[in-house]
Amino acid sequence: MLETEVVVSASPHIRQGVTTERIMWMVVISLLPAVFASITFFGGRALLIILCSVFSAVLTEAAVEILLKRPVTVKDGSAAVTGLLLALTLPPTVPLILPVLGAAFAIAIGKQIFGGLGFNPLNPALIGRAFLLASWPDLMTTWKWPAASLTWLESQADAVAGATVLGLIKEGTTVQLPFLQMFLGNMSGSLGETSALALLVGGLFLLAYQIIDWRIPVGYLGTVILMALLVGENPLLQLLAGGLILGAFFMATDYVTTPVTPKGRLIFGIGCGLLTMLIRKYGGFPEGVGYSILLMNVATPLLDRWTIPKRFGEVKANG
Amino acid sequence: MRFRTFKKGVYLPGNKERTASLPVEVLPLPRQVVLPLRQHIGAPAEPVVAVGDEVLTGQKIAEAKGKVSLPLHASISGKVVAIEPRPHVSGELVPAIVIESDGTERMAPELHAPPRLEELSAEQLKELMQEAGLAGMGGAAFPTHVKYDPPPGKKIEYILLNGAECEPYLTCDHRLMVERADDIILGLMAMLKAGQATKGLIGVEVNKPDALAALEKAATGLPIEVLPLKVKYPQGEEKMLIYAATGRVVPAGALPIEVGVVVNNVATAAAFGEYLRTGKPLISRLVTVTGAGIKSPKNLEVRLGTLLEDVLNYCGGFTDAPGRIILGGPMTGPAQYRLDLPVMKGTSGIVVQTRAEVEKPDYGPCIRCGKCVDVCPYNALPNYFGLYAEHDRLAEVEKYGIFDCRECGSCTYVCPSRRPLLQLIKDAKRKIMASRKTG
């Protein structure tokens, strides 16, 4: 007879090593190049903003969960990811209270109110950003060019100094920027959005470890390129300026708020691309990545329902 | 080189190296066997012996009851000491015939090889299948002969033997193919005749090159094709195997015969082959005893009815306090909590995990990562099965095609939130079936 206790549980009895926790921390790792780029271009203040946002997100998650008597889940890393992503969408000049408030809003209202991880319909980081943009529009659109960019910036008109590249395009200002500098991230913009190089390194890392599905960034970026060509914008400028790459690889790929079906994900990416270019070209804002993704988040349940894959051997039900 | 396979699925750590190269050892005769009357799907067998009777090895001790049923044979010689409900792998108590060994092996005199294959008709062969007590030895234990009566209008084209052995840890089919290829081929030839089929196929994952070679050699000149398959789970799942081997898709809810195929396990074919060669019915089978929790892992030939504790003792027992005891492979086999369970016709392995290998059963919310969607060989959305099943929204799970799911467990294996998807799926199916019965 068995003289010891054994576990009796349902099969399968083996599990893959990848856990939610590990995925979230890998996303954090994938964003480190962008964090370094932001510190390189915008100085130590960038790090401060990031830390404020991350700590606020994590503490808010814990506080709300304690208040609601739910298990505290900050260890899963999802709140840290939200805090980090939010920080990377902020201008380098914001007062430190903004990342604190934005991250708290993102977690409390964007996520916990719906039941926490897995249940929020909208990307929490983008909810936090939308909240800050609506509440402090001036602070959220005060830009600063990296000190290192001033040498090649001098040749530009004065108007350049307080704007982003997309802002300039919106105003109709002709901009002549060296694409290499843009690619490296040596231009004005939000903390983590300027360096395409750093973001691509992180994005490729996520793709390589199959943490994100290629369909979303490819659908998104591909659509932006096509649309740019169609409406007569410079596609390279559209790709490198603004938050497109950050959005396409790190926000539009958020699991919870995007479709689970392969076809749904492709459509999601394409939809984000269409909306982004519509807003940039014809909308009131110079940039539309955040709102595009939020709008497509809303469509996610529908996309899932409309793109249910045909099952192996599926037999159509009668009637 | 690309090998035949199906779409999606998962790559599992094989964990077969402990036993893959160990030749089959014969477990010494047990002092007692417990032979449940229900070892197969269908009606339980009916005892034809009484308590106190002397029985001989191979003697029929229970009769098949109807068409979808099988007889049962004494797996050792000795005395019937009880016919009573005994613990069964299903967790229930199931009537069983208990035989105490006389310490020797006295074979039943009626055991002699049937006439040669050339002299047997298809009908006779089907009767012999039932007479030999053949049930699917891959785990499901469906009476073999039943598959050989196609419904009107259907014809069997291929007999497909399943030698994929895609479950991690298990190597008994592997050893069988290496060591007893001739019996497998003889069994398959007889199956072809019984089913009046044109061609035999044997699917084997390419991680068993010696098995492929042995079968190739034994099948030389015969209408049998040995198919190397990609190593991927669930390669041995019936409909995936059919797709890999023939490119045919069995419709959901239908049997393989719908596309002209009958699938049997290689072990079933070998048991039939052995019966035709020697007249010995199904009274033993190969079992892989393995896992980090087993002192000396082995491939064993075990008499049916041998209790798990006797098998484990022969393998040196546990290395330490065991964490989990699995009957069959770790992907689909049920975990057990007692060792007085008998080895049955469908028992392919005993896998013992250590405590360190057993994860705590905590699970988190679905984060909609879509990993389950990426691996589901049936191309379903397992995450939605889980979400709806959790809240008993049975109409939705049915709409999402829960009955197309064949319970391979790939979704659950990859889930980063450790959600018990397969358990939720099985539970929902059971509830739907129950409501259909009452409704």
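Calculation rules
What you see as residue numbers is a count from 1 along each chain, following the sequence as written. Following the order in which they are written, the chains are lettered starting with A and the ligands numbered starting with 1. Reporting of local features is limited, given that this is a predicted model, to residues whose pLDDT is at least 70; pairs of side-chain atoms are given and counted only at 80 or more, and all residues count toward the totals for whole chains, interfaces and linings. The basis for every side-chain value is the complete set of heavy atoms in the structure, and neither hydrogens nor water enter the calculation. Helix and strand assignments come from DSSP, with helices taken as H or I runs of at least 4 residues and strands as E runs of at least 2, each series counted from the N terminus. The globule rule used here is 2.2 Å times the number of residues to the 0.38 power, and the radius of gyration it is set against is calculated over C-alpha atoms. When a residue's accessible area, from a 1.4 Å probe over protein chains only, is under 20% of the maximum for its type it is buried; when over 50% it is exposed; and in between it is partly exposed. Contacts: residue pairs with any heavy atoms within 4.5 Å of one another. Reported accessibility uses the Shrake-Rupley method at a 1.4 Å probe radius. Residues are deemed covered only where the shown protein chains occlude them. Charge counting follows a simple rule: Lys and Arg are positive, Asp and Glu are negative, and His as well as the terminal groups are ignored. Positions of charges follow a simple convention, taking NZ of Lys, CZ of Arg, CG of Asp or CD of Glu. Nitrogen and oxygen atoms within 3.5 Å of one another constitute a polar contact, given that in protein one can donate a hydrogen and the other can accept it, and given that sequence-neighbouring residues count only through two side-chain atoms. Take the residue count of a helix, subtract one, and multiply by 1.5 Å to get its expected span. Think of it as the arc spanned by the lines of direction from the helix axis to the C-beta atoms. When two components associate, each loses some accessible surface as probed by a 1.4 Å sphere; the sum of these losses over both components is called the buried area. Any Lys or Arg side-chain nitrogen located within 4 Å of an Asp or Glu carboxyl oxygen qualifies as a salt bridge. Marked domain ranges trace back to an automatic or database domain assignment. Throughout this entry, Asp, Glu, Lys and Arg are counted as charged residues, while Ala, Val, Leu, Ile, Met, Phe, Trp, Tyr, Cys and Pro are counted as nonpolar. The remaining residues, Gly among them, count as polar. Angles here are taken between N-to-C directions and fall from 0 to 180 degrees, while the axes themselves are lines fitted to C-alpha atoms, restricted in helices to the stretch in contact. For classification purposes, an angle smaller than 35 degrees is called roughly parallel, one larger than 145 roughly antiparallel, one from 65 to 115 roughly perpendicular, and anything else oblique. In this scheme, a crossing is called left-handed if the near helix is turned counterclockwise away from the far one by less than a right angle; it is called right-handed if the turn is clockwise. Two strands pair if DSSP finds at least two bridges between them. Orient the strands so they point away from the viewer; a crossover is then right-handed if the path from the first strand over the helix to the second runs clockwise. Surface patches are defined over residues having more than 30% relative accessible area and no salt bridge, joining like charges when they lie within 9 Å and nonpolar side chains (Val, Leu, Ile, Met, Phe, Trp, Tyr) when within 5 Å. Throughout, the bend at a residue refers to the angle made by two axes, fitted to the seven residues ending there and to the seven starting there.

*Asks:* Explanation requested: the overall build of chain B in the structure shown.
*Replies:* When helices and strands are tallied, chain B shows twelve helices and 17 strands. Over its C-alpha trace chain B gives a radius of gyration of 21 Å, about what one expects of a compact globule, namely 22 Å for 439 residues. In terms of principal-axis extent, the alpha carbons of chain B reach across some 65 × 50 × 50 Å. For chain B, the proportion of its 439 residues judged to be buried stands at 60%. Put simply, 73% of the contacts in chain B that link residues at least 6 apart link residues at least 24 apart. Carbon and sulfur atoms make up 54% of the accessible area of chain B, which totals about 16,600 Å². Within chain B, the 49 negative side-chain charges are centred at a point lying 6 Å from the centre of the 53 positive side-chain charges.

*Asks:* Would you mind going over the side chain of B:N264 with me for this structure?
*Replies:* All names here are of chain B. With respect to the helices and strands, N264 occurs in strand 12 (residues 261-265). Its relative accessible area of 2% is what places N264 among the buried residues. Reaching out from N264, the side chain makes a polar contact with the side chain of Y148 at a distance of 2.6 Å.

*Asks:* Hey, could you run me through helix 10 (residues 196-208) of chain A in this one?
*Replies:* Residues and elements named next belong to chain A. Taking 1.5 Å of rise per residue, the 13 residues of helix 10 would be expected to cover 18 Å, and the 18 Å separating its terminal C-alpha atoms lies within 8% of that figure. Of the positions making up helix 10, those classed as buried are A196, A198, L199, G202, G203 and L206. Buried residues of helix 10, seen end-on, are gathered within an arc of 160° and therefore sit on one face of the element. With respect to the buried face of helix 10, the exposed residues turned more than 90 degrees away are L204 and A208. Buried residues along helix 10 sit against helix 1 (20-42), helix 9 (179-184), helix 12 (235-240) and helix 13 (244-251). Looking one or two residues beyond helix 10, the residue adopting positive phi is Q210, at roughly 55°.

*Asks:* What's the story with the environment of B:P114 in this structure? I'm lost.
*Replies:* All names here are of chain B. Mapped onto the elements of the fold, P114 is located in the loop between strand 8 (93-101) and helix 1 (122-131). Under the relative-accessibility criterion, P114 is labelled buried at 16%. Placed 233 residues apart in sequence, P114 and T347 show a C-alpha to C-alpha distance of 27 Å. Each residue touching P114, except ones within four places of it in the same chain, is listed here: L128, Y275, L276 and G279.

*Asks:* Looking at this structure, I do not really get the side chain of B:S348. What am I missing?
*Replies:* Residues and elements named next belong to chain B. Its place among the elements puts S348 in the loop between strand 16 (335-336) and strand 17 (349-354). Given a relative accessible area of 10%, S348 falls into the buried group. Here S348 is in contact with L170, C172, R285, L286, V287, T288 and G328, once residues within four sequence places are set aside.

*Asks:* Looking at this model, I keep getting lost on the interface of chain B and chain A. Mind explaining?
*Replies:* The parts lose accessible area when they come together, and the size of an interface is often stated as this lost area. Taken together, the contacts link 63 residues of chain B with 44 residues of chain A. When chain B packs against chain A, the two sides together hide about 4,400 Å² of surface, and 59% of this comes from carbon and sulfur. Inspection of the region where chain B meets chain A yields two salt bridges. Among the ionic pairs, A:D304 bridges to B:R368, the shortest N-O distance being 3.0 Å.

*Asks:* So what exactly am I meant to see when it comes to the domain arrangement of chain B here?
*Replies:* Residue and element names in this part refer to chain B. The domains assigned to chain B are domain 1 (28-110 + 304-357), domain 2 (117-278) and domain 3 (371-438). Here the C-alpha centroids of domain 1 and domain 2 sit 24 Å apart. Taking both sides of the interface into account, the surface hidden between domain 1 and domain 2 amounts to around 1,800 Å²; carbon and sulfur atoms contribute 61%. When the buried area of domain 1 at its contact with domain 2 is split by residue, I41, K67 and L70 rank highest and sum to 27% of it. Applying the counting rule to domain 1 against domain 2 returns two salt bridges. Across the salt bridge formed by D149 and K67, the nearest N and O atoms sit 2.7 Å from each other. For the pair domain 1 and domain 2, the number of links is ten residue pairs in polar contact (both at pLDDT 80 or more). Broken down by class, the residue content of the side of domain 1 that touches domain 2 amounts to eight nonpolar, twelve polar and four charged.

*Asks:* Could you clarify how one ought to interpret the packing of helix 1 of chain A against helix 3 (residues 78-88) of chain A in this entry?
*Replies:* Helix-helix packing: each pair is described by the crossing angle between the helix axes and the interaxial distance. All names here are of chain A. In contact at an axis separation of 9 Å, helix 1 and helix 3 are set at 20° when each is read in the N-to-C sense. Judged on the interaxial angle alone, helix 3 and helix 1 are roughly parallel. By crossing handedness, the relation of helix 1 to helix 3 is classed as left-handed. Residues M24, W25, V27, V28, L31, A34 and V35 of helix 1 touch helix 3, and the partners they reach there are S78, A80, V81, L84, L85 and L88. For the contact of helix 1 with helix 3, the per-class residue count stands at twelve nonpolar, one polar and no charged.

*Asks:* When you look at the domain arrangement of chain A in this model, what are you seeing that I'm missing?
*Replies:* Residues and elements named next belong to chain A. Along its sequence, chain A is carved into domain 1 (20-140) and domain 2 (213-307). For domain 1 versus domain 2, the distance between C-alpha centres works out to 21 Å. Together, the buried faces of domain 1 and domain 2 total about 1,300 Å²; carbon and sulfur atoms form 78% of this surface. The tally of links between domain 1 and domain 2 comes to zero salt bridges. Our count for the domain 1 to domain 2 interface comes out at two residue pairs in polar contact (both at pLDDT 80 or more). Contributions of two or more residues to the side of domain 1 that touches domain 2 are made by helix 1, helix 3 and helix 5 (124-135). Sort the elements by how many residues they give to the side of domain 1 that touches domain 2 and helix 5 lands first, with six residues. Within the side of domain 1 that touches domain 2, the residues separate by chemical class into 14 nonpolar, five polar and no charged.

*Asks:* Which parts of the structure should I look at to understand the pairing of strand 11 (residues 224-229) of chain B?
*Replies:* Put simply, side chains in a regular strand alternate between the two faces of the sheet. Residues and elements named next belong to chain B. Relative to strand 11, strand 10 (residues 199-205) runs parallel, the two sharing six bridges. Counterpart to G203 in the pairing with strand 11 is L227. Handedness of the crossover is the feature at issue here: the chain leaves strand 10, passes through helix 4 (residues 209-218), returns alongside strand 11, and the resulting connection is right-handed.

*Asks:* What is the right way to read a nonpolar patch on the surface from this model?
*Replies:* All names here are of chain A. Residues W214, V218, L266, I270 and L274 make up a contiguous nonpolar surface patch of roughly 420 Å² in combined accessible area. Per-element tally for the nonpolar patch: the top contributor is helix 14 (residues 262-282), with three residues. Inspection of the secondary structure puts L266 in helix 14. On the basis of relative accessibility, which here comes to 32%, the residue L266 falls in the partly exposed class.

*Asks:* I keep staring at helix 15 (residues 289-306) of chain A and nothing clicks. Help me out?
*Replies:* For an α-helix, 3.6 residues make a turn, and residues three or four places apart therefore share a direction. With 18 residues, helix 15 of chain A extends 24 Å between its outermost C-alpha atoms, agreeing within 8% with the 26 Å of an ideal straight helix rising 1.5 Å per residue. Of all the bends found along helix 15 of chain A, the most pronounced is centred on A:A299 and spans about 45°, while A:P301, a proline, follows it within four residues. Among the residues of helix 15 of chain A, A:V289, A:G290, A:S292, A:I293, A:L294, A:M296, A:N297, A:T300, A:L303 and A:D304 are the ones counted as buried. In this structure, the buried side of helix 15 of chain A is in contact with helix 5, helix 11 (215-231), helix 13 and helix 14 of chain A together with helix 9 (382-390) of chain B.

*Asks:* Help me out: how do you make sense of the pairing of strand 9 (residues 158-163) of chain B in this one?
*Replies:* Residues and elements named next belong to chain B. Counting buried residues along strand 9, six of its six residues qualify, which places the element largely inside the surrounding structure. Where strand 9 meets strand 10, six bridges bridge the pair, whose relative direction is parallel. Counted as the bridge partner of L160 is L201 from strand 10. Here strand 9 runs beside strand 12; their pairing, made up of five bridges, is parallel. In the sheet register, L161 faces strand 12, and the bridge partner there is N264.

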